[in-house]
Amino acid sequence: MCCRSMLLTFHHLIPKDVHPTYLGKRLPRGVEAPCACPTRAFLNTYGLMICRPCHNTVHKIADNGVLATEYNTLAKLMEHPNVQSWVEYAKKQRATKRSGR
């Protein structure tokens, strides 16, 4: 999201604790699945690689239920005003902290 060169973490666009809500059922609007009924494998791999600070920011904007229904694509996440502000700030920051040596 911020385009900095950092270690990345996997963000589930449909958070893991709400997977049971969608297993074998209809996915939230905007999510494209290869089959009509989503599988555990699909839900576990539907996500993006983002840095830890961006990941933390995403989880601060809403609870997991709202993330699953409203912010389940990169485009939708990037439309959120708090995410936009964070990304603009983060792009100007160094990717790693310098040690005091």
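Numbering of residues starts from 1 in every chain and runs along the sequence as written. In keeping with the model being predicted, local features are shown solely for residues with a pLDDT of at least 70 and side-chain atom pairs are shown and tallied solely at 80 or more, while totals for entire chains, interfaces and linings include all residues. Calculated side-chain values reflect all of the structure's heavy atoms, with hydrogen atoms and water omitted.

*Asks:* Break down helix α6 (residues 81-91) for me, citing the residues and quoting the values.
*Replies:* To sort residues, take the accessible area from a 1.4 Å probe on protein chains only and compare it with the maximum for the residue type: under 20% means buried, over 50% means exposed, and anything in between is partly exposed. Where helices and strands are cited, they refer to DSSP runs of H or I of at least four residues and of E of at least two residues respectively, numbered from the N terminus. Three or more residues of α6 are buried, namely Val 83, Val 87 and Ala 90. Along α6, the residues classed as buried sweep out an arc of 70 degrees about the axis, all on the same side. Two residues qualify as a contact provided that any one of their heavy atoms is within 4.5 Å of a heavy atom in the partner residue. Against α3 (52-61) and α5 (74-79) lie the buried residues of α6. Directions are taken from the helix axis to each C-beta atom, and the arc is the one they span.

*Asks:* Quick rundown of the packing of aromatic side chains? Include the residues and the values.
*Replies:* Stacked, edge-to-face and tilted labels apply to pairs of Phe, Tyr and Trp rings (six-membered ring for Trp) whose centres lie within 6.5 Å, assigned for plane angles under 30 degrees, over 60, and everything in between, in that order. All told, the structure shown has 2 aromatic pairs when counted by the stated rule. Seen from their ring centres, Phe 42 and Tyr 46 are 5.3 Å apart, and the 25 degrees between their planes marks the pair as stacked. Note on accessibility: Phe 42 and Tyr 46 belong to one class, buried.

*Asks:* Requested: an account of the nonpolar core, with residues and values cited.
*Replies:* In these notes, a set of buried Ala, Val, Leu, Ile, Met, Phe, Trp, Tyr and Cys residues joined through side-chain atoms within 4.5 Å is what counts as a nonpolar core. In terms of nonpolar packing, the biggest core is built from 25 residues, with Met 1, Ile 14, Tyr 22, Leu 27, Ile 61, Leu 67 and Leu 77 touching the most fellow members. Going through the elements one at a time, α2 (40-45), β2 (47-51), α3, α4 (64-70) and α6 are the ones with two or more residues in this core. Every residue in contact with Met 1, bar those within four places of it in the chain, is listed here: Ile 50, Cys 54, Val 58, Leu 74, Met 78, Val 83, Val 87 and Lys 91.

*Asks:* Help me get a handle on the confidence of the model for the protein, residues and values and all.
*Replies:* The pLDDT value expresses, per residue, how confident the predictor is, ranging between 0 and 100. On average, residues of the protein score 90 in pLDDT, and 94% of them reach the 70 mark or higher. Here helix α1 (residues 19-22) stands out as the least confident element of the protein, with mean pLDDT 93; strand β1 (residues 8-12) is the most confident, with 97.

*Asks:* Lay out the side chain of Thr 73 with the relevant residues and their values.
*Replies:* Here Thr 73 shows up in the loop between α4 and α5. Take Thr 73: its relative accessible area is 16%, and that puts it in the buried class. If we ignore the near neighbours within four places in the chain, the residues touching Thr 73 are Leu 13, Gly 30 and Tyr 46.

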